[in-house]
Amino acid sequence: MVRADQSGIVVGLIGGARRCRGGRAPPAGSTRLLWASSAALADVADTCTSTDAGWVGTVRLESVEKVDEVCLLYTKGGFIDRTGYALLPDGPPPDARTRLNVTFTRFSGDWYRFIWHF
């Protein structure tokens, strides 16, 4: 359950996220969670030091890895494919799908969701 204060800003994640059609968490809650942690996540993306699982603000990262010039922040979510966020101010590499087998989808601002296809 996502808990919000009176202003509607998400202040924490308790238990599991509510699910909607397609098995994905509701976009508004996901966007708020990312927004609440965007500065801390941007710091992680800037340094892009490989790390194990842990919390960065309100987002739980499974790992961090630099692939070519892209820093991938992995989250839970894929069954076989790996998923997560990437901070890409210039947009995703044009050949990411063919060269890296990664699909990027704009999420919010310069943040993209990615799926690394197995």
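The structure contained in this document is the topic of the report that follows. Predicted, not measured: the structure shown is a model, and the values here were computed from it. (Residues numbered from 1 in each chain as written. Predicted model: local features only at pLDDT ≥ 70, side-chain atom pairs only at ≥ 80, totals over all residues. Heavy atoms only, no water.)

1. Some remarks on the side chain of Thr 75
Here is step 1: Structurally, Thr 75 can be placed in strand 6 (residues 70–75).
Here is step 2: Here the side chain of Thr 75 touches Arg 113 through a polar contact of 3.4 Å, side chain to side chain.
Here is step 3: Ignoring sequence-local partners within four residues, the contact set of Thr 75 consists of Val 59, Arg 60, Leu 61, Glu 62, Thr 83, Gly 84, Tyr 85 and Arg 113. (Helix = DSSP H or I, 4+ residues; strand = E, 2+ residues; numbered from the N terminus. Polar contact = N/O pair within 3.5 Å; in protein donor to acceptor, adjacent residues only side chain to side chain. Contact = heavy atoms within 4.5 Å.)

2. What to know about the pairing of strand 6
Here is step 1: Burial of strand 6 is extensive: 6 of the 6 residues sit out of reach of the surface.
Here is step 2: Pairing of strand 5 (residues 63–67) with strand 6 involves 5 bridges; the strand directions are antiparallel. Counterpart to Lys 66 in the pairing with strand 6 is Cys 71.
Here is step 3: Connecting strand 5 to the antiparallel partner strand 6 that follows it, the hairpin turn spans 2 residues, and Asp 68 within it adopts a positive phi of roughly 55 degrees.
Here is step 4: Sheet topology places strand 6 next to strand 7 (residues 82–87); 3 bridges connect them, and they run antiparallel. By the bridge assignment for strand 7, Tyr 74 is matched with Gly 84.
Here is step 5: Count of turn residues in the strand 6/strand 7 antiparallel hairpin: 6 residues, of which Gly 77 carries a positive phi of about 155 degrees. (Buried < 20%, exposed > 50% of the residue type's maximum accessible area, 1.4 Å probe, protein only. Pairing = 2+ DSSP bridges.)

3. What about unusual backbone geometry?
Here is step 1: Located in the positive-phi region is Cys 48, a residue other than glycine, with phi close to 45 degrees.
Here is step 2: Unusually for a residue other than glycine, Asp 68 sits at a positive phi of about 55 degrees.

4. Some remarks on the packing of aromatic side chains
The relation between two aromatic rings is expressed through the spacing of the ring centres and the mutual angle of the planes.
Here is step 1: In this structure the tally under the stated criterion is 4 aromatic pairs.
Here is step 2: Relative to Phe 114, the ring of Tyr 74 lies with its centre 5.4 Å away and its plane at 80 degrees, an arrangement referred to as edge-to-face. Here Tyr 74 is found in strand 6, whereas its partner Phe 114 is found in strand 9 (residues 111–116), with 40 residues between them in sequence. An identical accessibility class is assigned to Tyr 74 and Phe 114; each is buried.
Here is step 3: Looking at Tyr 74, the relative accessible area reads 1%, which means it is buried.
Here is step 4: Within the aromatic cluster, the residues linked to one another by ring pairs are Tyr 74, Phe 104, Phe 114 and Trp 116.
Here is step 5: Here the basic side chain of Arg 82 rests over the ring of Tyr 74, its NZ or CZ set 3.7 Å away from the ring centre.
Here is step 6: The lysine or arginine in question, Arg 113, covers the ring of Tyr 85, its NZ or CZ lying 4.4 Å from the ring centre. (Phe/Tyr/Trp six-rings, centres within 6.5 Å; stacked < 30°, edge-to-face > 60°. Lys NZ or Arg CZ within 6 Å of the ring centre and 35° of its normal.)

5. Details of the sheet that holds strand 8 (residues 102–108)
Here is step 1: The sheet built from 5 strands is open, its strands ordered 5-6-7-9-8 with antiparallel pairing. If you trace the sheet from one side to the other, it starts and ends with strand 5 and strand 8, each paired once. Recorded for the sheet is a direction-independent mean angle of 30 degrees between the axes of neighbouring strands.
Here is step 2: Pairing of strand 7 with strand 9, which is carried by 6 bridges, proceeds in the antiparallel orientation. Each bridged residue has a counterpart across the sheet, and for Arg 82 the counterpart in strand 9 is Trp 116. (Axes fitted to C-alpha atoms, helices over the stretch in contact; angles between N-to-C directions.)

The analysis is restricted to geometry; functional conclusions fall outside its scope.
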